[in-house]
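# A structural walkthrough
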Amino acid sequence: MEAAPHNPAEPSSQHLTITSPDQMKELGRRLAKLLRAGDLVMLSGELGAGKTTLTRGLGEGLGVRGAVTSPTFVIARVHPSLGDGPPLVHVDAYRLGGGLDEMEDLDLDVSLTDSVIVVEWGEGKVEELTDDRLQVVIHRAVGDTTDEVRHVTLTGLGERWTRADLSVLSA
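Here's a quick rundown of the structure. (Residues numbered from 1 in each chain as written. Predicted model: local features only at pLDDT ≥ 70, side-chain atom pairs only at ≥ 80, totals over all residues. Heavy atoms only, no water.)

## Considering the overall build of the chain
Stated precisely, the cut-off is as follows: A run of H or I in DSSP counts as a helix once it spans at least four residues, and a run of E counts as a strand once it spans at least two, with each numbered from the N terminus. Relative accessible area decides the class of each residue, using a 1.4 Å probe on protein chains only: under 20% of the type maximum gives buried, over 50% gives exposed, and in between gives partly exposed. Whether two residues touch is decided by their heavy atoms; if any such pair falls within 4.5 Å, the residues are in contact. Accessible surface is estimated by sampling points in the Shrake-Rupley manner with a 1.4 Å probe; for residues, cover comes only from the protein chains shown.
Along the chain, the regular secondary structure elements total five helices and eight strands. Starting at the N terminus, the α and β elements of the chain follow one another as β-β-α-β-α-β-β-α-α-β-β-β-α. In the chain, which comprises 171 residues, the share counted as buried stands at 42%. Look at the contacts in the chain between residues 6 or more apart in sequence, and 63% of them connect residues 24 or more apart. In the form shown here, the chain has an accessible surface area of approximately 8300 Å², with 49% of it arising from carbon and sulfur atoms.

See the structure below:
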């Protein structure tokens, strides 16, 4: 992983270059160390960008039960903690078009205080759940390419994330 130089004026933002799926999973494991119950992580990026791979690493880092796979067809999966940490709620909002009204059926607001919630494709759908969220944008080359390089931008929003040191993710 290669990080862009840290700008102290932007303490809640981090830019990383990831060159393999293993590095993406490792980023998830490192990010898990910063997460706690009540955190909302929004993942965005093209199909195949690595959102689920990152979430697998989060699951490993949080020590949750069950294989983390894309919940595209079930919409949401809950992975209980194997220890004393929070459960991981993994949501794929790709097939949901109705914004927060449709998301309310999943009762994410109830789960939020006790869980780490990761939402793929959540833009315009889950922002109203909390002012405090971590947005992770993964950019990759599109088209017919075998390029594994990903450019990841993590941006913390709200009071919870203004104090978080995202630069530890590039270590």
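## A look at the pattern of salt bridges
As a working rule, side chains carrying opposite charge can pair if their charged atoms are close by. We count it as follows: In the sections that follow, a salt bridge refers to a side-chain nitrogen of Lys or Arg positioned within 4 Å of a carboxyl oxygen of Asp or Glu.
The tally for this structure, following the rule as stated, stands at six salt bridges. Between glutamate 60 and lysine 25 there is a salt bridge, with the nearest N and O atoms lying 3.5 Å from each other. Linking glutamate 60 in helix 2 (residues 51-62) with lysine 25 in helix 1 (residues 21-32), this pair joins segments that are 35 residues apart in sequence. Judged by its relative accessible area of 44%, glutamate 60 falls in the partly exposed class.

## Brief notes about the side chain of serine 115
With respect to the secondary-structure elements, serine 115 resides in the loop between helix 4 (108-112) and strand 6 (116-120). Note on serine 115: relative accessible area 5%, which makes it buried. With residues up to four places along the chain from it excluded, the contact list for serine 115 reads Arg36, Ala37, Gly38, Asp39, Pro86, Pro87 and Val89.

## Topic: the packing of aromatic side chains
The criterion, for reference: Geometry of aromatic contacts follows a simple scheme: Phe, Tyr and Trp rings, the Trp one being its six-membered ring, pair when their centres are within 6.5 Å, and the pair is stacked under 30 degrees between planes, edge-to-face over 60, tilted otherwise. By definition, being over a ring means that NZ of Lys or CZ of Arg is both within 6 Å of the ring centre and within 35 degrees of the ring normal.
For the coordinates displayed, the defined rule picks out zero aromatic pairs. Lying over the aromatic face of tryptophan 161, arginine 160 brings its terminal NZ or CZ to 4.1 Å of the ring centre.

## Some details on the environment of leucine 169
Within the secondary structure layout, leucine 169 lies in the segment after helix 5 (159-162). The exposure class of leucine 169 is buried, given its relative accessible area of 0%.

## As for the environment of threonine 19
Position of threonine 19 relative to the elements: it lies in the loop between strand 2 (13-18) and helix 1. By relative accessible area, which is 43% here, threonine 19 ends up partly exposed. The sequence separation of threonine 19 and valine 149 amounts to 130 residues, and the corresponding C-alpha distance is 4.4 Å. Excluding residues within four positions of it along the chain, threonine 19 makes contact with Glu148 and Val149.

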